[in-house]
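Residue-level listing of the chains:
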Amino acid sequence: MTENKLEQLVAEAANGGKILPSAAENLGKWMSQNFLPEWAVESLVELFENGDFGEINDRFFKPLAFGTGGMRGRTIGKKSAKAELGKISEQGTPEHAAVGASYMNDFNVARATIGLFGYCKSYTEANGGGTPKLAVAFDVRHFSAHFAQLCASVWRKLGGEVYLFDSPRSTPQLSFTVRNLKTTAGIVITASHNPSHDNGYKVYFGDGAQVISPHAEGIVAEVNKVAWSEVGDFLNINLDGVKAVPQSSEEAYVKSIENCVIDKDVMAANKPKLVYTSVHGTGAALCPSVMRHFGIEPILVEEQMDMDPRFPTVKQPNPEYAETLSMGIAKMLETNADCLMATDPDADRMGVAIRTKDGGTRILTGNMIGSLLAEYRAAQMKAKGIIVKPENCAFIKTFVTTPLQDKIAHTHGLKCLNTLTGFKWIGGKLTKYENKLIAATGSDCTDKPYAERAKLMQEYSTFFVFGGEESYGYLGTDSVRDKDANAAVIMFSEMLAYLKANGRTVEEYLDSIYLKCGYYLEELKSIYREGAEGAAQIQSFLKTLDEKPLAEVAGVRVAKSVNFNRDEIFDADGDRIPREKFFFYTLENGYSFAVRGSGTEPKIKFYAFAVEKADSPELLETAKKTARTELDKMLGGLAEIFEKSAKQA
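In this text the structure is predicted, and so the values were computed from the model without any measurement.

Observations regarding the overall build of the protein chain
A tally of regular secondary structure across the protein chain gives 22 helices and 21 strands. Computed over the C-alpha atoms, the radius of gyration of the protein chain is 25 Å, within 12% of the 26 Å expected from 2.2 N^0.38 for a compact globule of 649 residues. Overall size of the protein chain, expressed as C-alpha extent along the three principal axes, is 75 × 60 × 50 Å. The proportion of buried residues among the 649 residues of the protein chain is 58%. Contacts in the protein chain between residues at least 24 apart in sequence constitute 71% of all its contacts with a sequence separation of at least 6.

Some details on the sheet that holds strand 14 (residues 463-469)
A sheet is described by the order of its strands in space; here four strands give the open sequence 13-12-14-15, paired in mixed fashion. Looking at which strands have only one partner, the edges of the open sheet turn out to be strand 13 (415-419) and strand 15 (473-475). The average angle at which neighbouring strand axes cross in this sheet is 15°, direction not considered. Summarising the sheet, strand 12 (residues 393-398) and strand 13 pair through five bridges and their orientation is parallel. Pairing of Thr 398 across the sheet is with Thr 419, part of strand 13.

Quick word on the pairing of strand 10 (residues 350-355)
Strand 10 sits mainly inside the fold: five of its six residues count as buried. Where strand 9 (residues 339-343) hands over to strand 10, the hairpin turn is made up of six residues, of which Ala 347 adopts a positive phi near 55°. In textbook terms, the turn of a hairpin is the stretch between consecutive antiparallel strands, and for strand 10 and strand 11 (residues 361-364) this stretch comprises five residues, one of which, Gly 359, has a positive phi near 95°.

Observations regarding the packing of aromatic side chains
Applying the stated criterion across every chain yields a total of 27 aromatic pairs. Ring centres 5.9 Å apart and planes at 75° place the aromatic pair Phe 66 and Tyr 201 in the edge-to-face group. Pair noted here: Phe 66 is in the loop between helix 4 (53-60) and strand 1 (70-74) and Tyr 201 is in strand 5 (residues 198-205), with a separation of 135 residues, a long-range link. The class of Phe 66 is buried, set by a relative accessible area of 7%. Centroid distance Tyr 514 to Tyr 519: 4.8 Å. Interplanar angle 75°. Geometry classified as edge-to-face. Each member of the pair, Tyr 514 as well as Tyr 519, carries the same accessibility label: buried.

Concerning the sheet that holds strand 20 (residues 592-597)
If you walk across this open sheet you meet the six strands as 16-21-20-19-18-17, and the pairing is antiparallel. If you trace the sheet from one side to the other, it starts and ends with strand 16 (519-528) and strand 17 (552-553), each paired once. Both strand 16 and strand 21 (residues 603-612) contribute to a ladder of ten bridges, which runs antiparallel. Each bridged residue has a counterpart across the sheet, and for Glu 523 the counterpart in strand 21 is Ala 608.

Topic: the packing of helix 1 (residues 2-15) against helix 3 (residues 38-49)
It is the contact of helix 1 with helix 3, at a shortest axis distance of 9 Å, that shows an interaxial angle of 35°. As helix 1 runs across helix 3, the sense of the crossing is left-handed. Contacts from Thr 2, Glu 3, Lys 5, Leu 6, Leu 9, Val 10 and Ala 13 in helix 1 reach Glu 38, Val 41, Glu 42, Leu 44, Val 45, Phe 48 and Glu 49 in helix 3.

So, helix 6 (residues 106-126)
With 21 residues, helix 6 extends 30 Å between its outermost C-alpha atoms, agreeing within 8% with the 30 Å of an ideal straight helix rising 1.5 Å per residue. Counting buried positions along helix 6 yields 15 of 21 residues, so the element is predominantly enclosed. Positive phi appears at Gly 128, one or two residues downstream of helix 6, with a value of about 100°.

Quick notes on the pattern of salt bridges
This structure, assessed with the given rule, holds 42 salt bridges. A salt bridge links Asp 482 to Lys 202; the shortest N-O distance between them is 3.8 Å. Remark: Lys 202 occurs in strand 5 and Asp 482 occurs in the loop between strand 15 and helix 19 (485-501); sequence separation between them is 280 residues. Each member of the pair, Asp 482 together with Lys 202, is buried. The residue Glu 452 makes a salt bridge to Lys 448 at a minimum N-O spacing of 3.9 Å. Of the residues examined, Glu 452 reaches a relative accessible area of 39% and is grouped as partly exposed. Residue classification places Lys 448 among the partly exposed positions, given a relative accessible area of 34%. Taken together, the shared-partner salt bridges connect Lys 415, Lys 429, Lys 432, Asp 571, Asp 573 and Asp 575 into one network.

Some thoughts on unusual backbone geometry
Ser 213 connects to Pro 214 through a cis peptide bond whose omega is 5°. Its identity as a non-glycine residue notwithstanding, Asn 336 has a phi of 55°, on the positive side. Relative to the helices and strands, Asn 336 is located in the loop between helix 14 (322-335) and strand 9. Classification of Asn 336 as exposed rests on a relative accessible area of 53%.

Looking at the environment of Glu 230
Positionally, Glu 230 belongs in helix 10 (residues 228-231). Taking the relative accessible area as the measure of exposure, Glu 230 reaches 34% and is therefore partly exposed. On a C-alpha basis, the gap between Glu 230 and Ala 440 in space is 46 Å, while along the polypeptide they are 210 residues apart. Not counting residues within four places of it along the chain, the set of residues in contact with Glu 230 comprises Ile 114 and Lys 225.

What about the packing of helix 15 (residues 366-383) against helix 19?
As a packed pair, helix 15 and helix 19 sit with axes 10 Å apart at the nearest point and diverge in direction by 70°. Taken as axis vectors, helix 15 and helix 19 run roughly perpendicular relative to one another. You can see that helix 15 and helix 19 cross each other, and the crossing is left-handed. Contacts between helix 15 and helix 19 involve Ile 369, Leu 372, Leu 373, Tyr 376, Arg 377 and Gln 380 from the former and Met 491, Phe 492, Glu 494, Met 495 and Tyr 498 from the latter. Partitioned by chemical class, the residues of the contact of helix 15 with helix 19 number eight nonpolar, one polar and two charged.

What about the side chain of Arg 349?
Relative to the helices and strands, Arg 349 is located in the loop between strand 9 and strand 10. Residue Arg 349 is classed as buried on the basis of its relative accessible area of 10%. Reaching out from Arg 349, the side chain makes a polar contact with the backbone oxygen of Ser 471 at a distance of 2.6 Å.

Topic: a negative patch on the surface
Taken together, the side chains of Glu 3, Glu 7, Glu 38 and Glu 42 define an acidic patch exposed on the protein surface. The set of elements that each furnish at least two residues to the negative patch consists of helix 1 and helix 3. Relative to the helices and strands, Glu 38 resides in helix 3. By relative accessible area, which is 41% here, Glu 38 ends up partly exposed.

About the thresholds
- Residues numbered from 1 in each chain as written.
- Predicted model: local features only at pLDDT ≥ 70, side-chain atom pairs only at ≥ 80, totals over all residues.
- Heavy atoms only, no water.
- Helix = DSSP H or I, 4+ residues; strand = E, 2+ residues; numbered from the N terminus.
- Rg over C-alpha atoms; globule rule 2.2 N^0.38 Å.
- Buried < 20%, exposed > 50% of the residue type's maximum accessible area, 1.4 Å probe, protein only.
- Contact = heavy atoms within 4.5 Å.
- Pairing = 2+ DSSP bridges.
- Axes fitted to C-alpha atoms, helices over the stretch in contact; angles between N-to-C directions.
- Phe/Tyr/Trp six-rings, centres within 6.5 Å; stacked < 30°, edge-to-face > 60°.
- Left-handed = near helix turned anticlockwise from the far one by under 90°.
- Expected span 1.5 Å × (residues − 1).
- Salt bridge = Lys/Arg side-chain N within 4 Å of Asp/Glu carboxyl O.
- Parallel < 35°, antiparallel > 145°, perpendicular 65-115°, else oblique.
- Nonpolar A, V, L, I, M, F, W, Y, C, P; charged D, E, K, R; others polar.
- Polar contact = N/O pair within 3.5 Å; in protein donor to acceptor, adjacent residues only side chain to side chain.
- Patch = residues over 30% accessible without salt bridge, like charges linked within 9 Å, V, L, I, M, F, W, Y side chains within 5 Å.
- Areas by Shrake-Rupley, 256 points an atom, 1.4 Å probe, with all protein chains shown as cover.
- Lys, Arg positive; Asp, Glu negative; His and termini not counted.
- Charge placed at Lys NZ, Arg CZ, Asp CG, Glu CD.

Quick look at the structure:
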């Protein structure tokens, strides 16, 4: 009876123009497949009867696409039905994830896992047979543990072998575990630094990197084949036969971080005084113990060390925001510490605030942190004899990460590879380099000491020195194939110890890089547009850029535009960059900017880059002021262009 009532309500709302045609169509597809449990149908009926048509549109205006890296979306609605809320947990988690084609819920998770298993089964059969194996990790978010258990249950019911963490673990640890346990694939349930109402599903393949071509397209195709009618049989969780990730694998992950340390002596003799906060996230599970493993006793922001999906002490659990770091900065001042380090909910990103020479504080951008680490690691690896053939060594970064790192690579004689946004592309490059080593030597040589393997990589392939992206993600070795905040904390600590030994501050070190390479300043401006209307505005703007490039911004003419969706672009290795709706502009004044829609959040992103000459301390101070003024003008002009487009969409 409830299902018949829902069909009637949908028809009435659609005929009356109260819901979008696409929402009505997607609702119809779901109802016709007869897989929704009674509580889900009751929830939808309640939303219709309450006249929450905007909520219905947001939930059903489009399916939650299983993209090349997985999926991410809301798991708690803006408005929730009583049947969804049910018995709410002590940490505010409803009994059920919100019903909706465009939401992260049991239905989308089960369907995605069925499709992933289908692809992995075909892959293993084509490569010698065997049982498809899966490793599953999860962060602290609402429903993360539940979704992880659902993934494991689905995989087992289909005949696969599963390793499941018993408590929250970081995304980079999942990447390592896939390689360590030699599983066919891996899943981590996380929405990274998104707002608390979101969750996500990220897929990794056997190399430990997020999936890219050809596996990505193959997995997407298999997921799209799964009929919704198949999903109902997998919604009840059964963990019989699911294996726990062995302790030895966790110990091996911590051990692998030792390879990120270049100078163990400087670390031992000049331990920095550090404050750490996990901002209620997964970093609390391992990051402090990793620091202690290297002899550093962190001062913890205790109020933020409880894992809590509500992230109660911050507006958003993103370590790039000053407000998110405020409690940590207060602790840094209170304890007279050298530095604050903060990690995001799945501990793959790290933010930093430092003490200045005058006793104040300064928050570093992701570009600054990455550039400091890039310079330090390149210089010290050369000094320690790890880098012996610079031309066969590389930084790997994204196009939207500061060009200062290209310049740093050039000053050291290294290659700098630029990729599309997303660490999966960096991970893919690392796999290619490792495969080249295997082809030459018959082994990945991971059983050899780090320095010896580094020389073999330089002899037969390309040695990875450092990689990162402007959004606070960094990587120091290829044993992990994703950004790693657990390791980044240690790399930054080593750099601090080196500076302490030489009587220098972080600001002085950063300025020395500018004096050598020029002054670079970057700024990211994100404009949010939620829901069906917002998505249409963003896509309309990107479509316009794809068809007709901008001619000027804030009164400055465009000197060059690159359309990654249409132009042929190659990286420093000569590899073709995949097509994507991503646009890069250089202005006549030498400044540049990039435009792309976020793949994980409802927003358009404008990345702005300034560069000024800085041959002396005096010129550097002038360059800083000029760059700030001109960059603000450019970003203001870009915002005006987008708002004008949004009104016309």
